[in-house]
Each structure stands twice: as structure tokens, then as C-alpha cells.
Amino acid sequence: MKKRIALITTDVDRQYQINLIKIMSEQAAALGYDLIILTHFVNYANSSDYIAGEENIYSLIAKMRIDGAVMAFSSFYNTALAEQIEQMLHEKSIPVVALDYKSRLFPSCLQNDRKNFCTLTEHFIAVHGFTDIFCLAGPKDDIHSEQRIQGYTDALQRHGIPVQPENIFYGDFWLAYAKDFAENIVAGNIRKPQAIVCGNDYMALQLSLTLLNHGIRVPEDIAIGGYDGNPDTDTFQPMLTTFSSTYLENGVDAVLMLDNLISPSADVPKIQTHPAIRIGSTCGCQTGVTDNAPQNQKRLDESLSNALYLHSSYSSVMNHVRSVKECSHAIMKNLYLLNADSNIYFCLCTDWEGDYERPENYRKHGYTDTMRCILSRIQGRNDDSDILFPLEDIIPASEAAPMTYICTPLHYQDRSLGYCVRSCRYDKIVFENYYGEFCQVTANAIEKIRTLAYEEYLQQKIQRLSERDIITGLYSRKGLEAQISSLDRTQTYYAVLYYIEGSERYREHFGEEYFRQLMISFSQAVNLSCMRSELSAHIGKNSFVIIGACDGTDFPEQLFINTLRSNLKLLEMHRNLSIPLTFPHFSAVTDHSTAPEDLLSILEKKLADYKNARNKSSDVYWTMLHELQYRIYEEPQLAWNAAEAAQQLGISTSYFQHIYKKNFEISFNADVIHARISLAERLLKQTHLSVSEVAEKCGYTDVSYFMKLFKKKNGKTAMAYKKSQN
């Protein structure tokens, strides 16, 4: 099995973290490890359902298979969460390295702040000749603050400059203190030094901007230095003089330390990072903008990709999906928004829909032991095969070369739906700053699908408990079954089932209200067609059933179908609706071996067979062929002709005969004969018609030919068959 280590961190949409991940991934790859990043998008130190859903991604720690981990505690604003993660890693009993912080549980890999900050301070002394230098550090008793202050002190002492405690200030490693500090200088509450070296770049940048806003020139009036070489500050002016790549060196060292804890070895390759002073304009070395082509290229790329995402229709498209499969297809159409160099996996919990009987009991913590990958893009190829895989594998595929996997949550509020994974080589890592929104739009669509399914469940539950359908006013399934139970068992009954095929397509193209009106209109046409006390019901989601007594009419089911078609045409003329007349429909008639109660199951079996055949077929003429076959079996006595049928489909007669046999495993002519003989059998069993009368009603003017065909199929003459049924 491949070696795998994890990095637990946040804010991976910042270039600082991306650069850190890249260098750690490169070092991990050189040692033969996959690097798995666990992260979330909203790095806040507060509590809400949404934050709980975000932070659930770290529950993967307990389940996934890894050989070791690096914990970036200081990247978390929520220290309580970071402490929980530390405890989870501790309980996993794997080697863990604390990245640039002191941990009570794990060995720490710290930056060489003292040496590097000394080098930064010496630049202001040796190059610019400053002797009056302030040090603006982070919080008091913070190890990074103390190390950087010690480096500042070392530099002053090395050059014979007295260390004055009043020139050392403790800040917050962020913007607020730096702004206040600058305003105190402007107000005269703090004297103005020659230079200020800051404990990180954000403080240095905010200090510079505030001073400049108040008319104090940088570096002419006060020179300023930063620390870390944070690339996220490069997008602002003035360009900072800072000590760069210290955090990158620390990331490499953390991976090497972890590898040594996992499997100590004497000779391992180390990726070089070359920490050094990076000259900007705030110290006085340069007055212009430092040339930084990689950062400028990044800003250009981001500008273009952000504009592409902003003007895409992704959100609106995802708002209309109504099933997981539709959701997968919509995502696939929009994957061009995500960098093509990365593979991607959308993984759902197998219980993402929750428990409809107890909707308050949904998954808030962790993920299912078996996950469901609804969509993946691997090396540019999309796949929506819907694959199940073990949670410990993280993704369903195993990629050969060492890869970096960035795992992010997929949730709606505190409902755990699953997670997303981006994978790529260390030198191809890209994390769009709108990727979090992309994932949340996906999660919102999945939640909408779940909500629609739950609403349908409730509606069906109500219908099961009620004898009348609340939408159409027809009988519900329960009501129909109750009515069937009271029917006369000595009577013969027919039944017709209509299936409103393509309901999702109607909803998507015309809207929910249009589809509702279509269903109501169809039910009204059914009501108008029930002229002989038929029972009519709306069962399930898209099915209508009509059951009536055979009152001596030769083809009562066909009479009803024809009447319904006429009424649908009338309604279509009087309303602004297009009502298809070719919805799939199935009929059945009771005989001595079947009772009225059996009609429903017979029809639903025919519908199930139809759906299965539809799903398996790729023939574009499938629907038209089945509609033709329905009509043949409804009215087999008509003069059916292959050439005319082919003309209606717009194809040649030979091709029509080919695809007909391919779909039904019987030739067109043989199927017509089969339909006619089946009708003959029914008439011989259920009526007192003579053989010649039956032949005529089945479309045969030549009685001898009819009798020959009948005997060939049944092994006995029509007269013998009739006697055997009486």
C-alpha cells in the first residue's frame, strides 16, 4: 500500500498556504509519500451550524489510513477545535509533528526565527546604517515573539548598539495592533524611530499603510521591515523588505522529521528553499516596485478565472437539478471552472438522505464507513459511474505516483453530506479562491434534491393514508384498493395504466406549476372519460389507473383509451398546455385465473418491464417503437403494415424491420399475428362468438387462414380451444 501522511491546516486559498503545501508535497513525494490535506473553508472562532458542518472534515482523521501527520495548530483561529484535532491525532497513535508551535503531545518543528530575524535586523544596521530601530513583535510569551525579539537583540549587540527594552513592543501578529501603533506615532504618543522591524509581514504592511495615510513617508521618514516573505502581501504597495522562505524551510523540515519518526533512515533527499532577505521598497534599497513575475502571473490568472466563474451559469444550473444523476451531469458541464491539472472527486455518505421517518436524526458527525463517489474527473476524463468505496481509502481510485490530496467538506449547515477531494502532483497544485463557493453550490443542490425527495415521501405517505389524491381528486392507491375489494368476482374487468413519462424534463423546461397543471388536466380528462362507472386513481408519482367492467363491448379498454385521447385533445384546445397523447400505457383484462385485485400488480409489472427495457436500450426510436407496439396490441384487428409504420418513423422498411426485431426479439409481422391470436384467445374464452366472428374481429377475412395460424400457435383448433375453456 502507498505511504501516506496528512497535513492538517486551514486557509489553503491563500498563497502562503499553497506555497507551503507545494514544498511539503514536493518533499513528501521525494520520500515516496502521498500528502493528504484536511482543511475547511470558513476559519472562524465561533459556533454555528454552518461552522460545525465545516469542521466535520477533521473527523476523517479517525477513519483514514495514514502513516503520520503534520499539525499546523497556529493556522486555526478556533483553538478549541485545534486542541480537539490534536487529541484525535494522539488517539490514533501515529507519529505526529507540530508545525511551528510548541505542543504538549508531539515533537515540534520550529522555524529558526532567532537567526533569521537577526539577519533581517542586521540589514537595516549594516546596509542602511540605522541605529535607532524598534522591534514590533507578536503576543508576549509567544515562542515566535520571543525568538524574533532575541534575534533583534543579537543583531544590536553584534553591532554594539545598546538594547533598550522600551524599543521592544508586543503586538498581535495581525492588523489591529499595527494600525494603533502607527496612529500613536502620528499622534506623538510614541516617538518616531529610524526604522521598525516587524514580527510578520501583515503587521509591517498595515504599519506602512497607516503611516503613509497620515503623511509619514516610508522609507524616507521611517523604514520598515517584515518577516515571513508572505506572498499574500505582495499584491499591495509598498513592496515590503522582508525575510523570505522561512516557513517553506520549516515545512520541509517538518516532513523530514515526520519521516524520521515513521521509518528512520540515514540518507534522505532534502528540498532546498534558500531562506534569505527579499528586498522591497520599505527599507530604502529600492524606490520602485520589486519585480515579482510569479506573483503578477498569479494575479492575472486569478483575475481571468474569477471573471470566468462570475459570469458562468453554474449556480443557476445547479438550482434546477432534481436528482443526484442530474447533479453529476450539471457539475461535469461546469468542471471547466476548476483547473484541468487537478483530478477531482465528489463523495457522498451513503446515508446522505437521512431517515425520512425520523428527519431530526440526521448525520452531523463523521462519515459513513462506505462512501459513494457520484462523480470524478481523472486525467481530464469525467466519470459519473456512482462508485462505492471504503472511507479509509478517502477516494475510490489509487493513483500511482505520489500525489497531493486536498479534502474539503461537503455539507448543508450541520448536515454532513460528504466531502470533495482535489488531487494533483506537487508542481500542479492550484486552489481557486472560489472553490469553496463551487463546493457549497454543489452541497446546496444536493440538499435541495434531498428536500424534494422528502416532500415526495411525505406526499406519498399522505396519499397512502388517504383514499383521495390531494392533487387530482381521484382515488389514491389506498382508495383504489378499497374499491377493488368490493367488486363482483363473477364479473370480468379491464384496467389501463397510464405513465406520465419525462416528468423531470417537463419540470425543468416549463417549471413546477406547468407540470402541476398538466397533471390536473390529465386527471380531468380521465374523469371525463369514465362514462361507465369506471374507477380512476392517481397512484404513485406519475401513474394513473382506470378499472372498469367489461359490459359486452368487444374492446372496452380500447374504447376508454380512444375516449381519453379525444378528451385530451379537447382540453389541449381550450388551455395553453401541450398534452402529449402518446404517454406509455398498458392494459390488462381478468380471466378465470385472475381477480380484480391482480390487475394492479399486472400493470405495475408491465410498467417495470418497460422502464427496465428503456434504461437498457440506446435506440433513438425506442419510444416510437413501443408506442407502435402498444397500439398493435390494443387494436390488433387493424390493417397493420410494415411499410406504413416505417414511413411514420421516417426510416426505410428494411431498417424498420431490423430495429423492431432488435428491440422486441420478434419480427413485426410475427408480432401482429401474436397480438391477433392473443385477442382471439380472449374472445373465445370470454364471449359466445363463433369462430368465424372471432376471426373477423381479429382482422382476418379468410377464416381458413385464421384457423391455420391459431392451430400453429396453440396446437389445437379454435373450436377445440373454445370448448376447452367452457
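Look up: the structure comes first, before these words.
J.: Could you give an account of the overall build of the protein, with specific residues and numbers?
T.: Within the protein one finds 25 helices and 21 strands. By its C-alpha atoms, the protein is 130 × 55 × 50 Å across when sized along the principal axes. The buried share among the 726 residues of the protein stands at 51%. Restricting to contacts in the protein with at least 6 residues of sequence separation, those with at least 24 account for 72%.

J.: Mind laying out the sheet that holds strand β7 (residues 168–170), listing which residues take part and the relevant values?
T.: What the six strands build is an open sheet, ordered β7-β6-β8-β9-β10-β11; its pairing is mixed. Each edge of the sheet is formed by a strand with only one pairing partner; in this case those strands are β7 and β11 (276–278). Across the sheet, the axes of successive neighbouring strands diverge by a mean angle of 20 degrees, strand direction being ignored. Judged from the three bridges that link them, strand β8 (residues 195–198) and strand β9 (residues 223–228) form a sheet pairing that is parallel. Counterpart to I196 in the pairing with β9 is I224. The strands touched by helix α8 (residues 201–213) within the sheet are β6 (133–137), β8, β9 and β10 (241–244), with β9 carrying the most contacts at an inclination of about 155 degrees.

J.: Hey, could you go over the packing of helix α16 (residues 512–529) against helix α17 (residues 556–574) for me, with residue numbers and the actual values?
T.: Their axes nearest at 9 Å, the elements α16 and α17 cross at an angle of 130 degrees. Taken together, the axes of α16 and α17 are oblique relative to one another. For α16 against α17, the interelement crossing comes out right-handed. Residues S521, F522, Q524, A525, V526, L528 and S529 of α16 form the contact with α17, whose own contacting residues are F560, T563, L564, N567, L568 and L571. Of the residues in the contact of α16 with α17, the class split is eight nonpolar, five polar and no charged.

J.: Please give an account of the packing of aromatic side chains that cites residues and values.
T.: Summed over all chains, the structure comprises 31 aromatic pairs. Look at Y314 and F438: their rings are 4.2 Å apart centre to centre, the planes differ by 5 degrees, and that puts the pair in the stacked class. Residue Y314 is found in helix α11 (residues 314–318), and its partner F438 is found in helix α13 (residues 435–465); the two are separated by 124 residues along the sequence. We classify Y314 as buried; its relative accessible area is 1%. Given the relative accessible area of 0%, F438 is considered buried. Lying over the aromatic face of Y475, R468 brings its terminal NZ or CZ to 3.9 Å of the ring centre.

J.: Please provide a residue-by-residue account of empty space enclosed by the protein, values included.
T.: Take a probe with the size of a water molecule and roll it over the atoms, and the empty space left behind shows itself. Enumeration over the complete set of coordinates arrives at three cavities of 30 Å³ or more. In terms of lining residues, the largest cavity is bounded by F41, Y50, E54, P409, L410, H411, G436, C439, Q440 and A443. Among the elements that line the lining of the largest cavity, the one with the most residues is α13, at four residues. Of the residues assigned to the lining of the largest cavity, the class counts are six nonpolar, three polar and one charged.

J.: Can you break down unusual backbone geometry residue by residue, with the values?
T.: What you tend to see is this: most non-glycine residues have negative phi, and most peptide bonds are trans. Between V218 and the following residue, P219, the backbone shows a cis peptide bond with an omega angle of 15 degrees. In this structure, P219 sits in the loop between α8 and β9. Geometrically, the link from Q237 to P238 is a cis peptide bond, its omega value of 5 degrees lying close to zero. In this fold, P238 is placed in the loop between β9 and β10. Despite not being glycine, H274 shows a phi value in the positive range, around 55 degrees.

What counts and how
- Residues numbered from 1 in each chain as written.
- Predicted model: local features only at pLDDT ≥ 70, side-chain atom pairs only at ≥ 80, totals over all residues.
- Heavy atoms only, no water.
- Helix = DSSP H or I, 4+ residues; strand = E, 2+ residues; numbered from the N terminus.
- Buried < 20%, exposed > 50% of the residue type's maximum accessible area, 1.4 Å probe, protein only.
- Contact = heavy atoms within 4.5 Å.
- Pairing = 2+ DSSP bridges.
- Axes fitted to C-alpha atoms, helices over the stretch in contact; angles between N-to-C directions.
- Parallel < 35°, antiparallel > 145°, perpendicular 65-115°, else oblique.
- Left-handed = near helix turned anticlockwise from the far one by under 90°.
- Nonpolar A, V, L, I, M, F, W, Y, C, P; charged D, E, K, R; others polar.
- Phe/Tyr/Trp six-rings, centres within 6.5 Å; stacked < 30°, edge-to-face > 60°.
- Lys NZ or Arg CZ within 6 Å of the ring centre and 35° of its normal.
- 1 Å grid on protein atoms, 1.4 Å probe; cavity = no way out; pocket = protein on both sides within 12 Å on 5 of 7 lines; lining within 4 Å.
- Points joined across faces, edges and corners; volume = space filled by probe spheres on them.

Distances and angles like these do not, on their own, reveal function.
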